[in-house]
Amino acid sequence: RQCQVRAFAASSTTSPALSLCAICAMSAAIAAPEWYVSHGALKIHPSLIKVVEVEVCPGTGFSPEYFWSCLEQLTKELRPEVEACLKRRDELQEKVDAFYERSKAAGTDCATKEFRPQCKAFLKEIGYLEDDRGPVSISTQFVDPEIALVPAPQLVVPSDNARYVLNAVNARWGSLFDALYGFDIIPSTSLQLGSSGAGFDVATLSAPAPPVSGYNPVRGQAVIEFANGLLDEIAPLATGCWAEVTRLWPQFVGQQQQLVLLLKSGESTSLKTPSLFVGSVGSLGPPSAHSSGAAVAVPVATKISSPSLPDEGRIFLKHNGLHLVLEIDHEDPIGKSSLSGIKDITMEAALTAILDMEDSVSAVDADDKAKVYTNICGVMRGSLEAPFVKDGKTLVRRARPDIWLRDEKGDAKALPGRAVCLVRNVGHHMFTDMVLCDGRTVPEGFVDCLVTTAAALQDLRGTGLVVNSRLGSVYIVKPKMHGPREVALTSVIFGRAEEFFGLRRNTVKMGIMDEERRTSVNLRECIRAAAARVFFINTGFLDRTGDEIHTCMLAGPVVRKQDMRKEPWIRAYEDSNVDIGLHSGFAGKAQIGKGMWARPDSMKAMLEAKIAEPMAGASTAWVPSPAAAALHSIHYHRVNVPERQMQLATRPPAPLDLILTPPLLKVMPNRDDIEEE
């Protein structure tokens, strides 16, 4: 019914272009409104014409006319294969539906364990289960270390909101103190007794905290306590603990600096692992007799030999590949309340960000997509800006510049200020009438791919204001692919984009969303189909569960949502994704990802639960906000993911039979349970 309404609306001369479902898009031609612009066999919505002329093509060396010629060629060449893949989806599902109907008509209980071998044999017979051709090893090259080497959070952001996009891009660095203070990790009513640093005893409460309006010093002190405990955990001292530190500074020992820390006892100490210190910025030095930053008496030798220095600067630590920046200022209100003068810890957090054109954004017509494409181009060029009002003042948000420091040898060094941006295009099933080719809608992913690749050209040539990929790659995440044939189709589309814009083969890298059942059970063959360009595989609960239900719908009712995570198939699916990724050579070359934390206000629960993902072997997992990224980064300090992956690589692979076990109800629910669900 929705598609009938859309088709009716599309026939109007005043309607916007709409994204159409594949069934309707493939079944009928559409008469283009007279105000569409013609280019060869294409009829194009004026909003899309404008964004290509103003945002996409300038600075690339390619004209808008050439862009449209490429889209026309791509559509005529590969649209038939898209249609064939979608038809194959329907044919297989029809066979699966008929199989279940025949089985139930014959009196078979499809939920029994005894039925599973028969079902697996049928899936093999119809080609749903494809032949496993043995081990595969990916050969992807020029993958940025943020993806290939360093496990870290991944932030997903709707790409139609410029301010959100910039927040995500800048979420590579985030305030730990703000994330702790502003969310439920620190209870809002009181400070806990018996705390041990990076965790609180929620059962034993002290006196109520001061009112929550303005700064709450009790909460602030709890944040400092948490931070000190975290530092004790990941950067322990040779003697003493971080809560006893009164001052810290870099000091040359021979040709290399080390971090010196003064304890309240007057004793000097160092990091238990000195190599964690990687640099500093600012005026940081030992205390003098008149230094207000010293909380205790200073040894005489130190007083005589040391000048008075303002104790303000930044100390850079690096652990498990991620930086922590200790922001030191004894004169700052927060710094004054901390014995060490640490007013914040800036966490290196979301090393990568997915700019999403798909699930998290509502972009259904040409005007919507024009906004999305404008933001993508602005990010890749480094020119995106987002004005906003704060405290009555108009401010402008921009991409964060790189961060400079003096390393342990005293040399100047820059750290990237921004997350590496990946772009999630729409799936093969999406068609759009913002462009018509020979009177028929165009696969929307074709337009997404060409715009994403063209937008990245200035980054690849080094002519943008900032750098996204330092190794010269374009990262596109492709969702909703069903099996190896559709992955191979995506690889061909990316290859054509490279040819159109004169890029090195396999410049455009592919992220494979393992969120469809036919991809999960044929994942090794999907990876084989993109072995030279895959940089990412990822699991997720909602989409994958939806396809699981869709596949087995005629077999019978499924378990309730609250019970779905307990089903054998989903644990096997999650483990199999990691197993196949590790056995395909992803370690050190590509990401193995896990899904989104869907409760953005429940950070305490996230801090407790999401450590399971790096423990499961994931080198990244999705978060919904910069604060969540800062907190989730703690998990990658607590878990050495490469070591964990080495351990997991020795376990037996997750059984395919478990993945093929549908989540069918064993006992029918009563009326109250149905009503509650």
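Thresholds applied
Residues numbered from 1 in each chain as written. Predicted model: local features only at pLDDT ≥ 70, side-chain atom pairs only at ≥ 80, totals over all residues. Heavy atoms only, no water. Core = buried A, V, L, I, M, F, W, Y, C linked by side-chain atoms within 4.5 Å. Buried < 20%, exposed > 50% of the residue type's maximum accessible area, 1.4 Å probe, protein only. Helix = DSSP H or I, 4+ residues; strand = E, 2+ residues; numbered from the N terminus. Contact = heavy atoms within 4.5 Å. Pairing = 2+ DSSP bridges. Axes fitted to C-alpha atoms, helices over the stretch in contact; angles between N-to-C directions. Expected span 1.5 Å × (residues − 1). Bend = angle between axes of the 7 residues up to and from the residue. Arc of directions from axis to C-beta. Salt bridge = Lys/Arg side-chain N within 4 Å of Asp/Glu carboxyl O. Parallel < 35°, antiparallel > 145°, perpendicular 65-115°, else oblique. Nonpolar A, V, L, I, M, F, W, Y, C, P; charged D, E, K, R; others polar. Phe/Tyr/Trp six-rings, centres within 6.5 Å; stacked < 30°, edge-to-face > 60°.

Caption draft 1: Here's a closer look at the nonpolar core. Residues Trp68, Trp242, Leu317, Leu326 and Ile345 are the most contacted members of the largest nonpolar core, which totals 137 residues. No other element matches the nine residues that helix H4 (residues 64-105) contributes to this core. In this structure, tryptophan 68 is in contact with His39, Leu42, Ile44, Leu48, Ile49, Val52 and Val435, ignoring residues within four places of it in sequence. In this structure, Tyr100, Phe115, Ala654 and Leu660 belong to the second largest nonpolar core, which totals 21 residues.

Caption draft 2: Here's a closer look at the sheet that holds strand S5 (residues 173-175). Spatially, seven strands are ordered S5-S14-S13-S12-S11-S18-S19 in an open sheet, and the strand pairing comes out antiparallel. For this open sheet the edge positions go to S5 and strand S19 (412-415), each flanked by a neighbour on one side alone. For this sheet the average axis-to-axis angle between neighbouring strands, irrespective of direction, equals 30°. The sheet contact formed by strand S11 (residues 277-283) and strand S12 (residues 312-319) spans six bridges and is antiparallel. The residue bridging phenylalanine 277 from the neighbouring strand is leucine 317, located in S12. Sheet strands touched by helix H9 (residues 217-234): S12, strand S13 (322-329) and strand S14 (342-348). Its angle to S14, the strand with the most contacts, is close to 55°. Of the strands in this sheet, S5, S12, S13 and S14 are in contact with helix H23 (residues 626-638), which crosses S14 at around 75°.

Caption draft 3: View of H4. With 42 residues, H4 ought to run about 62 Å at 1.5 Å a step, and its terminal C-alpha atoms sit 58 Å apart, in line with that. Remark: the principal bend of H4, roughly 45°, maps to leucine 78, with a proline, proline 80, within the next four residues. Among the residues trailing H4, glycine 107 stands out with phi positive, at a value near 90°.

Caption draft 4: The pairing of strand S25 (residues 534-538), seen in detail. Among the five residues that make up S25, five are buried, leaving the element largely enclosed by the rest of the structure. When strand S24 (residues 508-513) meets S25, the two strands line up parallel, connected through four bridges. Looking at the pairing, methionine 513 lines up with asparagine 538 of S25. The pairing of S25 with strand S26 (residues 591-596) spans three bridges and is parallel. Within the sheet, the bridge partner assigned to phenylalanine 536 lies in S26 and is glutamine 591.

Caption draft 5: View of the sheet that holds S25. Here we have eight strands rolled up into a closed barrel, ordered S4-S15-S20-S23-S24-S25-S26-S27, and parallel in their pairing. The mean inter-strand angle of the sheet, taken between neighbouring strand axes irrespective of direction, is 30°. Pairing analysis gives five bridges linking strand S23 (residues 474-478) to S24, with the strands arranged parallel. Bridge pairing in S24 places lysine 478 opposite isoleucine 512. On top of the sheet, helix H13 (residues 444-455) reaches strand S20 (420-424), S23 and S24; it is set at about 160° to S23, its chief contact. Where helix H15 (residues 483-500) meets the sheet, its contacts fall on S23 and S24, and the angle it forms with S24 comes to roughly 160°.

Caption draft 6: Quick peek at helix H5 (residues 116-125). Among the residues of H5, those classed as buried are Arg116, Cys119, Phe122 and Leu123. Considered in projection along H5, the buried side chains sweep an arc of 125° and stay on one side of the axis. In this structure, H5 carries Pro117 and Glu125 as exposed residues pointing more than 90 degrees from its buried face. The positive-phi residue at the C-terminal boundary of H5 is glycine 127, with phi of around 90°.

Caption draft 7: Expanded view of the pattern of salt bridges. By the definition in use, this model includes 42 salt bridges. For aspartate 579, the salt bridge goes to arginine 651, with nearest N and O atoms at 2.8 Å. On the criterion of sequence distance, the pair formed by aspartate 579 in helix H20 (residues 568-583) and arginine 651 in the loop between helix H24 (641-648) and helix H25 (656-659) is long-range, its members being 72 residues apart. Residue classification places aspartate 579 among the buried positions, given a relative accessible area of 3%. A salt bridge links lysine 610 to glutamate 613, with the shortest nitrogen-to-oxygen separation between them at 2.8 Å. Via salt bridges that share partners, Asp356, Glu358, Asp359, Arg424, Lys480, Glu515 and Asp543 belong to a single interconnected network.

Caption draft 8: Fine view of unusual backbone geometry. In this structure, asparagine 320 takes a positive phi of about 55° despite not being glycine. Looking at the secondary structure, you find asparagine 320 in the loop between S12 and S13. Residue classification places asparagine 320 among the partly exposed positions, given a relative accessible area of 26%. Located in the positive-phi region is aspartate 391, a residue other than glycine, with phi close to 55°. Along the chain, the position of aspartate 391 falls in the loop between strand S16 (386-390) and strand S17 (393-397). Classification of aspartate 391 as exposed rests on a relative accessible area of 73%.

Caption draft 9: Spotlight on the packing of helix H3 (residues 46-56) against helix H12 (residues 366-381). It is at 9 Å that the axes of H3 and H12 come closest, and there the two elements cross at 10°. Accordingly, the angle class assigned to the pair H3 and H12 is roughly parallel. On H12, the residues touching Ser47, Leu48, Val51, Glu55 and Val56 of H3 are Ala366, Asp367, Ala370, Tyr373, Thr374, Cys377 and Arg381. For the contact of H3 with H12, the residue count by class is seven nonpolar, two polar and three charged.

Caption draft 10: Seen up close, the packing of aromatic side chains. All chains considered together, the criterion is met by twelve aromatic pairs. On the numbers, 5.3 Å between centres and 75° between planes, the contact of phenylalanine 62 with phenylalanine 501 is edge-to-face. One end of the pair, phenylalanine 62, is in the loop between H3 and H4; the other, phenylalanine 501, is in the loop between H15 and S24, and 439 residues separate them in sequence. What makes phenylalanine 62 partly exposed here is its relative accessible area of 21%. An aromatic cluster of three or more residues is present, and its members are Phe99, Tyr100, Phe115 and Phe122.

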